[in-house]
Every structure is written in structure tokens, then in C-alpha cells.
Amino acid sequence: GDARFEAFVREVLPELLRPGQRAGTLLLVPSYLDFVRVRNRLRAEDASLCAELSEYSEAADAARARAALRDGRVRVLLYTERAHFFGRHALRGARHVV
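Described in the following lines is the structure provided in the data block. Bear in mind the structure is a predicted one, so any value in this text is a computation, not a measurement.

### Some details on the overall build of the protein chain
Point 1. Scanning the protein chain for helices and strands turns up four helices and four strands.
Point 2. Put simply, the protein chain runs from its N terminus to its C terminus through helices and strands in the order α-β-α-β-α-β-α-β.
Point 3. In terms of C-alpha radius of gyration, the protein chain reaches 12 Å, essentially the compact-globule figure of 13 Å for 98 residues.
Point 4. With respect to the three principal axes, the spread of C-alpha positions in the protein chain is 30 × 30 × 20 Å.

As C-alpha cells, then:
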């Protein structure tokens, strides 16, 4: 929970926010609660940084997020494990998994 989130903020987030960072990072989170926490933190830093895909995403929103990752319009796709388990989305453009 808290220790994992603090480690994310301390270690991973600065790398994601670094200027010139390439697109194509898949940020996989284990639960929806962690998803909301990380999403809110990313939005506070830079709203255009990432797209979001969770188990509660509508089909159109999921397609839009996947297209944004594929086309390089966002650097990060925030993705839950449950969305992967239930959706098995094809995520083209993902070059790094965190």
C-alpha cells in the first residue's frame, strides 16, 4: 500500500516526468484503489502525460486509450491487472512495462 506508493513517487515518477521521455510505457497496477491513487498523482503532475484503462472503462474509452498509446500521443498507459484479466486488450505501442 503506502510503502509501494511512496516508492513509486520517489523512484518511478521522476523518470516518467523527465523531459524527452519516450512514449510507450505501460504502468500496470494491481488494484483499482492503487489505480485511482496513481491516476490522481499523475493528473496532478501533468494531465496530458497518460491515458487510463481499468476494468470499469467503457469500450470506447478503452479503445481511445489504446489508440493514444499506439499512436504515441501519450507517454504512459495506466492499466489495471483486472482490466487485463477480463479484457485481454491488445496493447500495441507498449515498449516498457513498469
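After that view of the structure, there is still more to cover.
### Details of the sheet that holds strand S1 (residues 25-29)
Point 1. Taken in spatial order, the four strands make up an open sheet running S2-S3-S1-S4, and their pairing is parallel. Taken across any chain shown, the strands that pair with only one partner, and hence form the sheet edges, are strand S2 (50-53) and strand S4 (96-97).
Point 2. Examined bridge by bridge, S2 and strand S3 (residues 76-80) share four bridges and lie parallel to one another. Bridged to cysteine 50 within S3 is valine 76.
Point 3. Running over the sheet, helix H3 (residues 59-71) touches S1, S2 and S3 and is turned about 140° from S2.

### Brief notes about unusual backbone geometry
Point 1. Despite not being glycine, arginine 88 shows a phi value in the positive range, around 50°.
Point 2. If you trace the backbone, arginine 88 turns up in the loop between helix H4 (81-87) and S4.

### Examining the pairing of S3
Point 1. Here S3 lies mainly inside the structure; five of its five residues are buried.
Point 2. Of the two faces of S3, the one carrying Val76, Leu78 and Thr80 and the one carrying Leu77 and Tyr79 are both buried.
Point 3. In terms of strand pairing, S1 meets S3 through five bridges, oriented parallel. Paired with leucine 27 across the bridge in S3 is leucine 78.

Conventions and cut-offs
Within every chain, residues take consecutive numbers counted from 1 along the sequence as written. Per-residue local features of the predicted model are confined to residues with pLDDT of at least 70, and side-chain atom pairs are confined, for both listing and counting, to 80 or more; whole-chain, interface and lining totals are unaffected and use all residues. Each side-chain value is derived from all of the structure's non-hydrogen atoms; neither hydrogens nor water enter the calculation. What counts as a helix is a DSSP run of H or I of at least four residues, what counts as a strand is a run of E of at least two, and both are numbered from the N terminus. C-alpha atoms define the radius of gyration in this analysis, and the globule rule sets the expected value at 2.2 Å times the number of residues to the power 0.38. One requirement defines pairing of two strands: DSSP has to find at least two bridges between them. Whether two residues are in contact is decided by their heavy atoms, any of which lying within 4.5 Å being enough. Where helices are involved, their axes are fitted lines through C-alpha atoms of the stretch in contact, as for all axes, and angles between N-to-C directions lie from 0 to 180°. To sort residues, take the accessible area from a 1.4 Å probe on protein chains only and compare it with the maximum for the residue type: under 20% means buried, over 50% means exposed, and anything in between is partly exposed.

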